[in-house]
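Structural overview
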Amino acid sequence: MPRWKELPTELDPRVRQLAVRLRRLKDHSGLTMRQLAAKTGYSAKSWERYLGGRTLPPPEAVEALARIGGDDPTRLLALHEIAADAWGGRRGATSVTKATHATTGTAEAAEATVAVQVPESPPAGTKKTRRRVRSPRVALVAGAVTLVVALSAAVLVVVRPPDGVSRAAAAPVAPSAAASPSPSKPTYTCRMERIDGHWYAGNSRTQDALLADGFAGPKVAEAQCLLRRAGISPGKIDGIYGPLTQRAVQIVQKRAGLPKDGLVGPHTWKALRVGPHAWKAPQR
């Protein structure tokens, strides 16, 4: 088994989870990078970037590796979709930053004055002189930038209270923000009931929703209640899929003989719904 390099520290946890799963499948297959490239149609350099967390692999490459490693492509593609959302959010933030820098540079360049020489008919008996004027287009752009800066400064003057005035006196400037209370976090309870041999906690009746690290909502609270009923603590019943919930899910998967991937899918939901009495010990 090759020694993998550490994944980038700034990598999103959802993208990191996909990269780790792909590394495990590659190790399980026993293929070298060149052999993997020959079987999947993607170059060895591409696989080095995919498995190193530097590039998000296309779904076709993920599906091909899943089939080679004997894993369920559906579950792995669902994990890829989650990672793609996280990857797209990171790229979007980077694009906004670059656009901001580009706009700033354009504004600074627009403020430059372009001097052109315009011939002028001098009066009799005087020497010819040259007059420096601005290009109309540059002057128009510079004027627009100056107007924007002036408006921004005016807004800051209106919003910022003068020296010696307390913040309480300046509060009426934004009455809507002061009057609106901060939204409270939803609370969840576990009202356990058994219907047709399956347990429900009153938060969701889903049987196949995919849950992973970073998810939140009533479906996560439902899974947390079922984990607690099985005697495995997921932490607080807060509807947030965090490290404690993921660790509890992995314990259930190990005891039920399921792949220990920390994701809640159809098979893990079934194990949680029926309860520990129906779990099978993993084959050894």
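What this report covers is the structure whose coordinates are included nearby. The model shown is predicted, which means the values in this text are computed figures rather than measured ones.

All right, on to the state of the cysteines then. A full pass over the atoms with the stated rule returns one disulfide. Residue pairing for Cys190: its cysteine sulfur links by disulfide to Cys225, the two sulfurs lying 2.0 Å apart. The sign of the -80 degrees torsion about the S-S bond sets the Cys190-Cys225 disulfide as left-handed. Here Cys190, found in the loop between α8 (175-179) and β3 (193-195), pairs with Cys225, found in helix α9 (residues 218-229); they are 35 residues apart in sequence, far enough to count as distant.

What follows covers the packing of aromatic side chains. One pass over the structure, following the stated rule, counts three aromatic pairs. On the numbers, 6.5 Å between centres and 80 degrees between planes, the contact of Tyr42 with Trp47 is edge-to-face. Overall, Tyr42 belongs to the partly exposed group, its relative accessible area being 22%. Judged by its relative accessible area of 0%, Trp47 is buried. Look at Trp47 and Tyr50: their rings are 5.4 Å apart centre to centre, the planes differ by 80 degrees, and that puts the pair in the edge-to-face class. Taken together, the positions of Trp47 and Tyr50, both in helix α3 (residues 44-51) and three residues apart, correspond to about one turn of that helix. Side by side, Trp47 and Tyr50 carry an identical accessibility label, which is buried. Counting every residue linked through ring pairs, the aromatic cluster contains Tyr42, Trp47 and Tyr50. Over the ring of Tyr200 we find Arg205; its NZ or CZ atom is 4.3 Å from the centre of that ring.

Orientation of helix α2 (residues 33-40) relative to α3, taken along the N-to-C sense of each, is 105 degrees, at an axis distance of 8 Å. The angle between the axes of α2 and α3 places the two elements in the roughly perpendicular class. Residues Met33, Arg34, Leu36, Ala37 and Thr40 of α2 lie in contact with α3, whose contacting residues are Ala44, Trp47, Glu48 and Leu51. Among the residues forming the contact of α2 with α3, the class breakdown is six nonpolar, one polar and two charged.

The nonpolar side chains of a soluble globular protein tend to be buried with one another. Core analysis: the largest hydrophobic core is formed by 28 residues, its most contacted members being Val15, Leu18, Leu22, Trp47, Leu56, Leu65 and Leu76. Counting residues per element, the ones that place at least two in this core are α1 (13-29), α2, α3, α4 (59-69) and α5 (73-110). Top contributing element to this core by residue count: α5, with six residues. The contacts of Leu65, once residues within four sequence positions are left out, are Leu22, Leu25, Lys26, Leu36 and Trp47. Ala209, Ala230, Ile232 and Val252 belong to the second-largest nonpolar core, a separate cluster that totals 19 residues.

As a further point, take the pattern of salt bridges. Here the idea is simple: oppositely charged side chains can pair when their charged atoms come close. All told, the structure shown has six salt bridges when counted by the stated rule. Ionic pairing is found between Arg21 and Asp261, a salt bridge with its closest N-O pair at 3.5 Å. Of the two residues, Arg21 sits in helix α1 while Asp261 sits in the loop between α10 (243-255) and α11 (266-274), which places them 240 residues apart along the sequence. Among the residues examined, Arg21 registers a relative accessible area of 10% and is labelled buried.

Another aspect to go through is unusual backbone geometry. You will see that Asp196, though not glycine, has its phi angle at about 55 degrees, which is positive. By the element assignment, Asp196 lies in the loop between β3 and β4 (198-200). You can call Asp196 exposed: its relative accessible area is 74%.

Reading guide: rules and limits
Residues numbered from 1 in each chain as written. Predicted model: local features only at pLDDT ≥ 70, side-chain atom pairs only at ≥ 80, totals over all residues. Heavy atoms only, no water. Disulfide = S-S within 2.5 Å. Helix = DSSP H or I, 4+ residues; strand = E, 2+ residues; numbered from the N terminus. Phe/Tyr/Trp six-rings, centres within 6.5 Å; stacked < 30°, edge-to-face > 60°. Buried < 20%, exposed > 50% of the residue type's maximum accessible area, 1.4 Å probe, protein only. Lys NZ or Arg CZ within 6 Å of the ring centre and 35° of its normal. Axes fitted to C-alpha atoms, helices over the stretch in contact; angles between N-to-C directions. Parallel < 35°, antiparallel > 145°, perpendicular 65-115°, else oblique. Contact = heavy atoms within 4.5 Å. Nonpolar A, V, L, I, M, F, W, Y, C, P; charged D, E, K, R; others polar. Core = buried A, V, L, I, M, F, W, Y, C linked by side-chain atoms within 4.5 Å. Salt bridge = Lys/Arg side-chain N within 4 Å of Asp/Glu carboxyl O.

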